Amino acid sequence: MLLRFRINELAPQQGIKTAAELAREAKIGQATAYSLWNNDRHDANYSTLLAIGKVLGVKPDELVEVIDGLS
């Protein structure tokens with residue numbers, strides 16, 4: 001099961017325009033923020049998603065889309 005992150009779609013709704021800004025606001029590493037923002041990875045720690053969700057005003061599961069049929 002692979003995941004696609006919707007972070008770069010949801011962030012602008014909260015005025016966050018860049019991964020660097022997201023990293024600063026969510027207090028997460030810049031490399032993590034960039035890779036999730038650009039969907040360069042297909043997993044994330046729940047604590048990371050929770051921090052991002054708080055900043056974006058959504059539940060962690062709203063940040064993720066499951067890509068079916070891929071492993």
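Scroll up to find the structure this text is about.
Caption draft 1: View of the nonpolar core. In this structure, Ile7, Leu22, Ile28, Trp37, Ile52, Leu56 and Leu63 are the most contacted members of the largest nonpolar core, which totals 20 residues. Those elements giving two or more residues to this core turn out to be strand 1 (2-5), helix 1 (7-10), helix 2 (19-26), helix 3 (30-37) and helix 4 (46-56). Not counting residues up to four positions away in its chain, the partners in contact with Ile28 are Ala23, Ala33, Thr48, Ala51 and Ile52.

Caption draft 2: Looking closely at the packing of helix 2 against helix 4. Two elements in contact, helix 2 and helix 4, have axes whose closest approach is 9 Å; the angle formed by their N-to-C orientations is 100 degrees. Classified by the interaxial angle, the pair formed by helix 2 and helix 4 is roughly perpendicular. On the side of helix 2, the interface is formed by Leu22, Glu25 and Ala26, while helix 4 contributes Ala51, Ile52, Val55 and Leu56.

Caption draft 3: Fine view of helix 3. For helix 3, the full list of buried residues reads Ala33, Ser35, Leu36 and Trp37. Packed against the buried residues of helix 3 are strand 1, helix 1, helix 2 and helix 4. After helix 3 finishes, the residue Asn39 shows a positive phi value of roughly 55 degrees.

Caption draft 4: Just the environment of Ala51, in detail. Residue placement: Ala51 occurs in helix 4. Along the primary structure Ala51 and Gly29 are separated by 22 residues, whereas in three dimensions their C-alpha atoms are 11 Å apart. Apart from the residues lying within four places of it in its own chain, the contact partners of Ala51 are Ala26 and Ile28.

Rules of the game
Residues numbered from 1 in each chain as written. Predicted model: local features only at pLDDT ≥ 70, side-chain atom pairs only at ≥ 80, totals over all residues. Heavy atoms only, no water. Core = buried A, V, L, I, M, F, W, Y, C linked by side-chain atoms within 4.5 Å. Buried < 20%, exposed > 50% of the residue type's maximum accessible area, 1.4 Å probe, protein only. Helix = DSSP H or I, 4+ residues; strand = E, 2+ residues; numbered from the N terminus. Contact = heavy atoms within 4.5 Å. Axes fitted to C-alpha atoms, helices over the stretch in contact; angles between N-to-C directions. Parallel < 35°, antiparallel > 145°, perpendicular 65-115°, else oblique.

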